[in-house]
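Here is how the chains run, residue by residue.
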Amino acid sequence: PELLDALKDQVQRRNEARLKLLMAAVKTHQELSDELQRTFVQNKQLSPHEQTLLRRARLGIGGCHLDDERFAEALEIFRELQTNHRRTLEGLYASRFICYVMYKMPLQDMPKAKADRIKEQAKESVRQAAEDLKGMPADHEIFRGTGAWQREDWLRWVDEAQRQLATPPRDDSKVPKF
């Protein structure tokens, strides 16, 4: 019992520390996003570098929400990012994250209409990514960085994501719960 209590206490402390770090990361990304938004309002434009920083700050915020299993918040941020920043690396990553959020969400525990809506959002996200990729040349700047996925890599991901999204979810109701 004492060892179990000590372990539970340690797990709780680590979870609290993890949450504190995630919230600090959200705050930092949000401050950067807010500062860049103010710059945009003042100057009516952002440099290409500032635009990239703003998109990545938003991606970071969504990632933190995802790590904290705040799926609805993460999904909203990734959808906004992809919708408003088509044909960017961050827009493509947002689509991947949208699919990942959908896979991580407990869809089987929510009303069918809501689960279907989330799956449709993921399908639409992948459709938009495919549309963007097909309209981009293979030598587009987002495919040129060191270690960057090439256009063909992204198209393979789109094909796989579309195949997975077309597959009916597995019925876990007959699987024993441990």
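Rules and cut-offs
- Residues numbered from 1 in each chain as written.
- Predicted model: local features only at pLDDT ≥ 70, side-chain atom pairs only at ≥ 80, totals over all residues.
- Heavy atoms only, no water.
- Helix = DSSP H or I, 4+ residues; strand = E, 2+ residues; numbered from the N terminus.
- Buried < 20%, exposed > 50% of the residue type's maximum accessible area, 1.4 Å probe, protein only.
- Areas by Shrake-Rupley, 256 points an atom, 1.4 Å probe, with all protein chains shown as cover.
- Lys, Arg positive; Asp, Glu negative; His and termini not counted.
- Charge placed at Lys NZ, Arg CZ, Asp CG, Glu CD.
- Expected span 1.5 Å × (residues − 1).
- Contact = heavy atoms within 4.5 Å.
- Core = buried A, V, L, I, M, F, W, Y, C linked by side-chain atoms within 4.5 Å.
- Phe/Tyr/Trp six-rings, centres within 6.5 Å; stacked < 30°, edge-to-face > 60°.

1. Overview of the overall build of the protein
Of regular secondary structure, the protein possesses six helices and zero strands. Dimensions of the protein along its principal axes, counting C-alpha atoms only, are 60 × 40 × 35 Å. Taking all 178 residues of the protein together, the buried fraction comes to 33%. Of the roughly 12000 Å² of accessible surface on the protein, 54% is carried by carbon and sulfur atoms. Side-chain charges of the protein comprise 31 positive and 29 negative groups, with the mean position of each set lying 2 Å from the other.

2. Comments concerning helix α5 (residues 112–134)
In this model, α5 (23 residues) spans 33 Å end to end at C-alpha, consistent with the 33 Å of a helix rising 1.5 Å per residue. Here α5 has its buried residues at Ala-115, Ile-118, Lys-119, Ala-122, Ser-125, Val-126, Gln-128, Ala-129, Ala-130, Asp-132 and Leu-133. Taken together, the buried residues of α5 touch α3 (71–84), α4 (89–104) and α6 (151–166).

3. Details of unusual backbone geometry
Although it is not a glycine, Glu-69 sits at a positive phi angle of roughly 60°. Relative accessible area serves as the criterion here: at 58%, Glu-69 is assigned to the exposed category. If you check the backbone angles, Arg-87 has positive phi at about 60° while not being a glycine. Along the chain, Arg-87 falls in the loop between α3 and α4. Given the relative accessible area of 41%, Arg-87 is considered partly exposed.

4. What about the nonpolar core?
Counting residues in hydrophobic clusters, the biggest one holds 32 residues, and the most contacted among them are Val-101 and Trp-157. Of all the elements in the fold, those that place two or more residues in this core are α2 (48–67), α3, α4, α5 and α6. Among the elements that line this core, the one with the most residues is α5, at seven residues. The contact partners of Trp-157, leaving out residues within four places of it in the chain, are Ser-95, Arg-96, Cys-99, Val-126, Ala-129 and Trp-149.

5. Remarks on the environment of Gln-45
Within the secondary structure, Gln-45 sits in the loop between α1 (2–43) and α2. Separated by 40 residues in sequence, Gln-45 and Asp-5 place their C-alpha atoms 56 Å apart. The contact partners of Gln-45, leaving out residues within four places of it in the chain, are Thr-39 and Phe-40.

6. Here we look at the packing of aromatic side chains
Centre-to-centre distance and the angle between the planes together describe a pair of aromatic rings. Applying the stated criterion across every chain yields a total of four aromatic pairs. Residues Phe-78 and Phe-97 carry aromatic rings whose centres are separated by 4.9 Å and whose planes lie at 10° to one another, so their mutual orientation is stacked. Taken together, the positions of Phe-78 in helix α3 and Phe-97 in helix α4 put the pair 19 residues apart, joining distant regions of the chain. Centroid distance Tyr-93 to Trp-154: 5.2 Å. Interplanar angle 80°. Geometry classified as edge-to-face. Here Tyr-93 is found in helix α4, whereas its partner Trp-154 is found in helix α6, with 61 residues between them in sequence. Of the residues examined, Trp-154 reaches a relative accessible area of 1% and is grouped as buried. Three or more aromatic residues link up through ring pairs in this structure, and these residues are Tyr-93, Trp-149, Trp-154 and Trp-157.

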